[in-house]
Amino acid sequence: MSDERFPGWHGTTILAVRRGGEVVVAGDGQVSVGQTVMKGTARKVRRLSPGGRDVVVGFAGSTADAFTLLERLEKKLESAPGQLQRACVELAKDWRTDKYLRNLEAMLIVTDGAQLYVVTGAGDVLEPEHDVAAIGSGGNYALAAARALSDGNLDAEAIARRAMAIAAEICVYTNGNLTVERISA
């Protein structure tokens, strides 16, 4: 997510783990520009309640772009209550085809507790394998750790917290200041 206009924005790890009828979304708090930590306590996991139905969203990338996408997602969910997949697909279509939206630099993990999706500006709405999804600079580290920890007896939150701690030890763009949201199916 870096080009000439966005010189080296890094610093997000978002992880979602589904286990035992619930999904936990965890996000670190680090925002970096180049090699400088700009903020260590950002909140990149949010609970939305469009139409009274809870949805948890984690975002990576430009904060302003992510907030624009969150607003659009809320509108899609209000027009299609209880239809998370449809709302995500509609958002991805708009994101890819709209002249303004296609320039947004962000990714989303979205869940209602039953469904779990990664939504990208390339038009992707991906349902992850192995009930684990991750995005951001440290996403691959957190994903690998969570998949390995899933073989044990830990619950979703314990897996997410331990996997994020492992990612924070490896990735310089990830820290241990977590925001964790839990949602049941």
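Keep in mind it's a predicted model, so treat the numbers as computed, not measured.

(A) Molecular detail of the pattern of salt bridges. Counting across every chain of the model gives 10 salt bridges. Of the charged contacts, one joins D131 and R18 as a salt bridge, the two residues approaching to 2.9 Å between their closest N and O atoms. Highlighted residues: D131 in the loop between β10 (125-126) and β11 (132-136) and R18 in strand β2 (residues 13-19), separated in sequence by 113 residues. Using a relative accessible area of 18% as the deciding quantity, one classes R18 as buried. Among the salt bridges present, the one from R182 reaches E157, with a minimum N-O distance of 2.0 Å. Of the two residues, R182 sits in strand β12 (residues 179-184) while E157 sits in helix α4 (residues 156-170), which places them 25 residues apart along the sequence.

(B) Local environment of the packing of helix α3 (residues 139-149) against α4. In the contact formed by α3 and α4, the axes pass within 8 Å of each other and the chain directions differ by 140°. By the criterion of interaxial angle, the relationship of α3 to α4 is oblique. Read as a crossing pair, α3 and α4 show a hand that is right-handed. Mapping the contact onto sequence places Y141, A142, A145, A146 and L149 in α3 and I159, R162, A163, M164, I166, A167 and I170 in α4. Its residues assigned to classes, the contact of α3 with α4 comprises 11 nonpolar, no polar and one charged.

(C) Quick peek at unusual backbone geometry. Located in the positive-phi region is H130, a residue other than glycine, with phi close to 65°. Inspection of the secondary structure puts H130 in the loop between β10 and β11.

(D) Representation of the pairing of β12 in the model. Here β12 shows one buried face, formed by T179, E181 and I183, and one open face, formed by V180, R182 and S184. Where strand β3 (residues 22-27) lies against β12, six bridges are found, and the strand directions are antiparallel. What sits directly across from V25, in β12, is E181.

(E) Representation of the sheet that holds β11 in the model. Strand order in the open sheet made by the four strands is β11-β2-β3-β12, with antiparallel pairing throughout. Of all the strands in the sheet, just β11 and β12 have a single pairing partner and so form its edges. For this sheet the average axis-to-axis angle between neighbouring strands, irrespective of direction, equals 10°. α4 contacts β2, β3 and β12 of the sheet and is inclined by roughly 155° relative to β2.

(F) Highlighting the pairing of strand β6 (residues 45-48). Where β6 lies against strand β7 (residues 55-61), four bridges are found, and the strand directions are antiparallel. Bridge pairing in β7 links R47 to V56. What sits between β6 and β7 in their antiparallel hairpin is a turn of six residues, with G51 showing a positive phi close to 65°.

(G) Geometry of a nonpolar patch on the surface. Together, Y141, I166 and I170 make up a nonpolar patch on the protein surface, roughly 260 Å² of accessible area in all. Counting through the fold element by element, I170 comes out in helix α4. For I170, a relative accessible area of 49% corresponds to the partly exposed category.

(H) The nonpolar core, seen in detail. The biggest cluster of nonpolar side chains holds 22 residues, and the ones touching the most others in it are V57, L73, L108, V110 and V119. Elements with a minimum of two residues in this core: β7, α1 (63-79), α2 (84-97), β8 (106-111) and β9 (116-120). A per-element tally of this core places α2 first, with six residues. Within the second largest apolar cluster, 15 residues are counted, among which are V24, A145, L149 and A167.

Criteria and cut-off values
- Residues numbered from 1 in each chain as written.
- Predicted model: local features only at pLDDT ≥ 70, side-chain atom pairs only at ≥ 80, totals over all residues.
- Heavy atoms only, no water.
- Salt bridge = Lys/Arg side-chain N within 4 Å of Asp/Glu carboxyl O.
- Helix = DSSP H or I, 4+ residues; strand = E, 2+ residues; numbered from the N terminus.
- Buried < 20%, exposed > 50% of the residue type's maximum accessible area, 1.4 Å probe, protein only.
- Axes fitted to C-alpha atoms, helices over the stretch in contact; angles between N-to-C directions.
- Parallel < 35°, antiparallel > 145°, perpendicular 65-115°, else oblique.
- Left-handed = near helix turned anticlockwise from the far one by under 90°.
- Contact = heavy atoms within 4.5 Å.
- Nonpolar A, V, L, I, M, F, W, Y, C, P; charged D, E, K, R; others polar.
- Pairing = 2+ DSSP bridges.
- Patch = residues over 30% accessible without salt bridge, like charges linked within 9 Å, V, L, I, M, F, W, Y side chains within 5 Å.
- Areas by Shrake-Rupley, 256 points an atom, 1.4 Å probe, with all protein chains shown as cover.
- Core = buried A, V, L, I, M, F, W, Y, C linked by side-chain atoms within 4.5 Å.

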